[in-house]
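Listed here are the chains, written in short residue letters.
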Amino acid sequence: MLENTEMLLSMAEIAAAFAGFAALVSVIRRGSDQPAEVAHDLLRLRLVISGSVTGVAAALIPVGIAGYGLDVHLTWRLAALIFLIFDNGIIVSFIGGYKPVRGTFPPDRLAVVLVSLLEVVEQASLLVVVLGITVDNAAALYVTALIANICQAGFIFVRFVGSAFRHAHGISAD
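None of these values were measured; they are calculated from a predicted model. In this numbering scheme, every chain counts its residues from 1 along its sequence in written order. Whole-chain, interface and lining totals are the exception, using all residues; otherwise, since this is a predicted model, local features are given only for residues with pLDDT of at least 70 and side-chain atom pairs are given and counted only at 80 or more. To get the side-chain values, take all heavy atoms of the structure and skip hydrogens and water.

1. Quick notes on the overall build of the chain
Each helix and strand in the chain was counted, giving 5 helices and 0 strands. Where helices and strands are cited, they refer to DSSP runs of H or I of at least four residues and of E of at least two residues respectively, numbered from the N terminus. Reading the chain from its N terminus to its C terminus gives the helix and strand order α-α-α-α-α. Only protein chains enter the accessibility calculation, which uses a 1.4 Å probe; a residue is then buried when its area is under 20% of its type maximum, exposed when over 50%, and partly exposed in between. When burial is assessed residue by residue, the chain has 43% of its 174 residues classed as buried. Looking at the chain as shown, the accessible area adds up to about 9200 Å², and 69% of this sits on carbon and sulfur atoms. Only the protein chains shown count as cover for residues, and all accessible areas are computed by the Shrake-Rupley method using a 1.4 Å probe.

2. Details of the packing of aromatic side chains
Stacked, edge-to-face and tilted labels apply to pairs of Phe, Tyr and Trp rings (six-membered ring for Trp) whose centres lie within 6.5 Å, assigned for plane angles under 30 degrees, over 60, and everything in between, in that order. Within this structure, the stated rule accounts for 2 aromatic pairs. Their ring planes at 50° and their centres at 5.1 Å tell us that Trp76 and Tyr142 sit as a pair that is tilted. With Trp76 in helix 3 (residues 72–98) and Tyr142 in helix 5 (residues 138–168), this pair connects stretches of sequence that are 66 residues apart. No difference in accessibility class separates Trp76 from Tyr142, as the two residues are buried.

3. Some points on the environment of Gly154
Here Gly154 lies in helix 5. You can call Gly154 buried: its relative accessible area is 9%. Counting along the chain gives 103 residues from Gly154 to Gly51, while the straight-line C-alpha distance between them is 9.4 Å.

4. Digging into the environment of Asp108
On the secondary structure map, Asp108 appears in the loop between helix 3 and helix 4 (109–131). Distance from Asp108 to Arg159, taken between C-alpha atoms, is 9.1 Å for residues 51 residues apart in sequence.

5. Side note on helix 4
For helix 4, spanning 23 residues, the distance from its first C-alpha to its last is 32 Å, which sits close to the expected 33 Å at 1.5 Å a residue. Restricting attention to buried positions, one finds in helix 4 the residues Ala111, Val115, Leu118, Glu119, Glu122, Gln123, Ser125, Leu126, Val129 and Val130. Just downstream of helix 4 lies Gly132, where phi reads positive at about 70°. Here the expected length of a helix is defined as 1.5 Å per residue gap, with one fewer gap than residues.

6. Re the nonpolar core
The biggest cluster of nonpolar side chains holds 25 residues, and the ones touching the most others in it are Trp76, Phe83, Leu126, Tyr142 and Leu146. Where this core is concerned, the elements lending two or more residues are helix 1 (5–28), helix 2 (35–66), helix 3, helix 4 and helix 5. At 8 residues, the largest contribution of residues to this core is made by helix 5. The residues contacting Leu146, other than those within four sequence positions of it, are Leu8, Met11, Gly55, Ala58, Ala59 and Phe83. Put simply, buried Ala, Val, Leu, Ile, Met, Phe, Trp, Tyr and Cys residues joined by side-chain atoms within 4.5 Å make one nonpolar core. If you look at the next biggest cluster of nonpolar residues, it comprises 6 residues, including Val48, Val115, Phe155 and Phe157. Contacts were defined at the residue level, with two residues in contact if any of their heavy atoms lie within 4.5 Å.

7. Remarks on the side chain of Glu122
Inspection of the secondary structure assignment puts Glu122 in helix 4. Aside from chain neighbours lying at most four places away, what touches Glu122 is Phe83, Asp87, Ala145, Ala148, Asn149 and Gln152.

8. Considerations on the confidence of the model for the chain
For the chain, the mean per-residue pLDDT works out to 81, and 80% of the residues sit at or above 70. Mean pLDDT across the elements of the chain bottoms out in helix 1 (72) and peaks in helix 4 (93). Confidence of the predictor in every single residue is expressed as pLDDT, which spans 0 to 100.

9. Points about the packing of helix 3 against helix 4
Where helix 3 meets helix 4, the closest approach of the two axes is 8 Å, and the angle between their N-to-C directions is 145°. Crossing hand, helix 3 versus helix 4: left-handed. Note on element contacts: helix 4 touches helix 3 through Glu119, Glu122, Gln123, Leu126, Leu127, Val129, Val130 and Leu131, opposite Trp76, Arg77, Ala80, Leu81, Phe83, Leu84, Asp87, Asn88 and Ile91. Here the nonpolar group is Ala, Val, Leu, Ile, Met, Phe, Trp, Tyr, Cys and Pro; Asp, Glu, Lys and Arg are the charged ones; every other residue, Gly included, is treated as polar. For the contact of helix 3 with helix 4, a count of residues per class yields 11 nonpolar, 2 polar and 4 charged. Only the stretch in contact is used when a helix axis is fitted, and all axes are lines through C-alpha atoms; the angle between N-to-C directions ranges over 0 to 180 degrees. Two helices that cross are described as forming a left-handed crossing if the nearer one is turned anticlockwise from the farther one by less than a right angle, and a right-handed crossing if clockwise.

Structure (structure tokens):
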């Protein structure tokens, strides 16, 4: 078993909480009558939920792989590869969802910059693990990527909640 199992399970719980709260907010909020705002909120909701589900899976994958008794270094490399595949799947899905509504609302520049920076940290950490550049820090790099993923979901969640309740009170956009 991995020495980081308890921490990974706790991180899975945190990521799951973002998905659950985002779903709850989407149910209790009052929608906007502006189609562009609805599309933007839907994209944010999709990102929070897909990013959170990926965070849960990414936190559990190394625990599952370790159960097969593989070498710890191989466990982290396989987990990082699977995490990269899931994460890049979200990026491709987001781009596909964004294309039809591009230009209908101004981009959230703060979110774009912050999420992009976190994504660079996440991807770089995982690539170092997958490529085996440093074997001694694989667990720390994997956890760094997971923290970046959870921070992305958390930030997008905060922006989603702000947007959802701004519409409910008739407050103008950012």
